Amino acid sequence: MSKSEKLSISRRRVLQMGAVFAGALAVGVAPGQLAEADSNTPKNPNQLGFLHDQQKCIGCRKCSTACKATNKWEEGAKWRRVIASGRPEVFLSISCNHCEKPVCASVCPVKAYKKRDKDGIVIHDKDICVGCKYCLYACPYHAPQYSEDTGRISKCHFCYERQDKGLLPACVEVCPTGALTFGRLADLQKTEGALAQAQWLPAPEITKPSLVVIPK
Amino acid sequence: MEMYWNWLVVTYLFLGGLGAGAYLTSFAAEMGWLGQKSGLKKMGYFIGGPIVGLGTALLVFDLGQGFHKPWLLWRLITNMSSVMTWGTIVLAVFIMVGVLKGYLAFINKPAPRAVTWFGALLATATGAYTGFLVSVIDAIPFWSSNIIPVIFFVSALSTGLSITVLLSHIIEKTESENSREDAVHLGLILAELAAVAVFMGLMVSGANGVVAQKSAALLISGKYAIVFWGIFIGVGLLFPLAVYALRLRTANRTENMTLAAGEMAMTEEEPPKHSYLTIITDAAVLVGGYSLRMMIIFAALPIWDGIKIP
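A quick note: this is a predicted structure, and the numbers were derived from the prediction, not measured. (Residues numbered from 1 in each chain as written. Chains lettered and ligands numbered in written order. Predicted model: local features only at pLDDT ≥ 70, side-chain atom pairs only at ≥ 80, totals over all residues. Heavy atoms only, no water.)

Draft legend 1. Layout of the overall build of chain B. Per the secondary structure count, chain B includes ten helices and zero strands. What you see in chain B, going N to C, is helices and strands ordered as α-α-α-α-α-α-α-α-α-α. In terms of overall dimensions, chain B is globule-like: its C-alpha atoms have a radius of gyration of 21 Å, near the 19 Å expected for 310 residues. Considering only C-alpha atoms, chain B reaches an extent of 80 × 45 × 25 Å along its principal axes. Taking all 310 residues of chain B together, 51% fall into the buried category. Sequence-distant contacts, at least 24 apart, represent 78% of the contacts inside chain B between residues at least 6 apart. Total accessible area on chain B is roughly 14,000 Å²; 71% of this is exposed by carbon and sulfur atoms. When the 18 positive and 17 negative side-chain charges of chain B are each reduced to one mean point, those points stand 6 Å apart. (Helix = DSSP H or I, 4+ residues; strand = E, 2+ residues; numbered from the N terminus. Rg over C-alpha atoms; globule rule 2.2 N^0.38 Å. Buried < 20%, exposed > 50% of the residue type's maximum accessible area, 1.4 Å probe, protein only. Contact = heavy atoms within 4.5 Å. Areas by Shrake-Rupley, 256 points an atom, 1.4 Å probe, with all protein chains shown as cover. Lys, Arg positive; Asp, Glu negative; His and termini not counted. Charge placed at Lys NZ, Arg CZ, Asp CG, Glu CD.)

Draft legend 2. Geometry of the sheet that holds strand E1 (residues 48–53) of chain A. All names here are of chain A. Judged by pairing direction, the sheet is mixed, and its three strands sit side by side in the order E8-E1-E9 without closing on themselves. Unpaired on one side and paired on the other, strand E8 (180–184) and strand E9 (211–214) mark the two borders of the sheet. Across this sheet, the average inter-strand angle for adjacent strands is 25°, counted without regard to direction. By the bridge criterion, four bridges tie E1 to E9 in an arrangement that is parallel. (Pairing = 2+ DSSP bridges. Axes fitted to C-alpha atoms, helices over the stretch in contact; angles between N-to-C directions.)

Draft legend 3. Broad picture of the environment of A:Ile83. You can see A:Ile83 is positioned in strand E2 (residues 81–84). Exposure remark for A:Ile83: the relative accessible area of 5% places this residue in the buried category. The spatial distance from the C-alpha of A:Ile83 to the C-alpha of A:Cys132 is 27 Å, given a sequence separation of 49 residues. Not counting the four nearest positions on each side in its chain, A:Ile83 is found in contact with A:Val90, A:Phe91, A:Leu92, A:Ile94, B:Trp304, B:Gly306, B:Ile307, B:Lys308 and B:Ile309.

Draft legend 4. Spatial organisation of the interface of chain B and chain A. Counting residues at the interface gives 39 residues for chain B and 41 residues for chain A. Where chain B abuts chain A, roughly 3,100 Å² becomes buried across the two surfaces, and 63% of that area is made up of carbon and sulfur atoms. Ranking the residues of chain B by area buried against chain A places B:Tyr4, B:Trp304 and B:Ile309 at the top, with a combined share of 25%. Run the count over chain B and chain A and you get one salt bridge. Among the ionic pairs, A:Lys133 bridges to B:Asp62, the shortest N-O distance being 3.6 Å. Connecting chain B to chain A are 21 residue pairs in polar contact (both at pLDDT 80 or more). Listed by contribution, the elements that provide at least two residues to the side of chain B that touches chain A are helix H3 (83–106) and helix H4 (113–135) of chain B. Per-class residue counts for the side of chain B that touches chain A are 24 nonpolar, nine polar and six charged. (Buried area = accessible area lost by both parts, 1.4 Å probe. Salt bridge = Lys/Arg side-chain N within 4 Å of Asp/Glu carboxyl O. Polar contact = N/O pair within 3.5 Å; in protein donor to acceptor, adjacent residues only side chain to side chain. Nonpolar A, V, L, I, M, F, W, Y, C, P; charged D, E, K, R; others polar.)

Okay, here's the thing in structure tokens:
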């Protein structure tokens, strides 16, 4: 075997390996994508989430009022908002979605956000927040709220202290029609008529929110 | 829409790029990349670290806790997954290395090669960081593009070159604008124009979604149209482009004539007739660079406004 032949063979080997690698990559990537597109199954089976049933919501705003009273919102910081749509009697109650990929936590330079392993609740520690406002841009749902008054962020923490004591989140507790409920995200997603993601909300790939909506 | 970041952040992003660009200008001059006779070998080193330091100080004013609980600020370096943490580290180290290099240049002591090059590396990172800070934010479609760090970095080099020329001119009274500097600046402006064209083209095309299109429309035909076309493109890019191009042409002609006239003419120094034009042109570059940061920050529309549902 001449030297050049050897060389050409080894070059072919390289090409073959390259093709195998590319193939493996394609094969490896495709199922991953399919699996992701296939289901929104939370990575953490105990991930908690909110379910908002627009068919039951009457727009009374008791949820946001209770949240404000329980969590003593700082001036200008709205942890939960009830949004009225253009159509009559169609509302959305939204707060923090305690996302699987909390971008607030990844952009926060001071690590003020922590996602609990136990239930996936994203908790913001306002005592170490420096007020850089980076998370206000990063969160697609406007969950972090800035108070000019105190110069810091605060947001919904899913009433984790109440939950740890076995109580319901304040917003869920007061909802008179059962429009706002909560539970393990995996279970909520199985609810009849539930959308893992309302199409008019920001693309779920950005943060993988733990919010399920039953649209009206 | 609500603008969470205001003029302080715009100024900070501008000064971050400016200081980094100034350092890199003197670095390029020291390396001989700006021609053998460049008079820019020091001024950029003097001002690079201090300008970035000034910008960082301004940022503290923007932090809600900047004066409330300043002791919290040390934590800014704790989240290694945050671009802002990386930026804080890069800026802090650059300010120190930049000031050291500036001091050594001031007392005419040669800096160790490692210091000079480390400073250049940090300056590059600083210039790019100001772009990455916004480009990683997916919830702002107008920011979510890797072209932004490119634009910001080129603009950093361009504004840095201008401030260095400007201050060398006013303070050091150097008259050594050589055509090499003009050629480099011309190249930077052409690169910036190209990058901006690609960026705006992508945003307008809808590649980043409807919201990015709306942001782009604010610049092209909306409330920032005068800033975009008049100040950024006109004053900040096309005017300097024309000046550098014309001056290069004149310089080429003179060079040819001098060559033809022989060695005699070489000793004759050209009078510094470009002085005022230089000041105006470099000031225009700075204004353009500032307006760029302002538009990018202020035209940031969120992917969802949080107010409307169908």
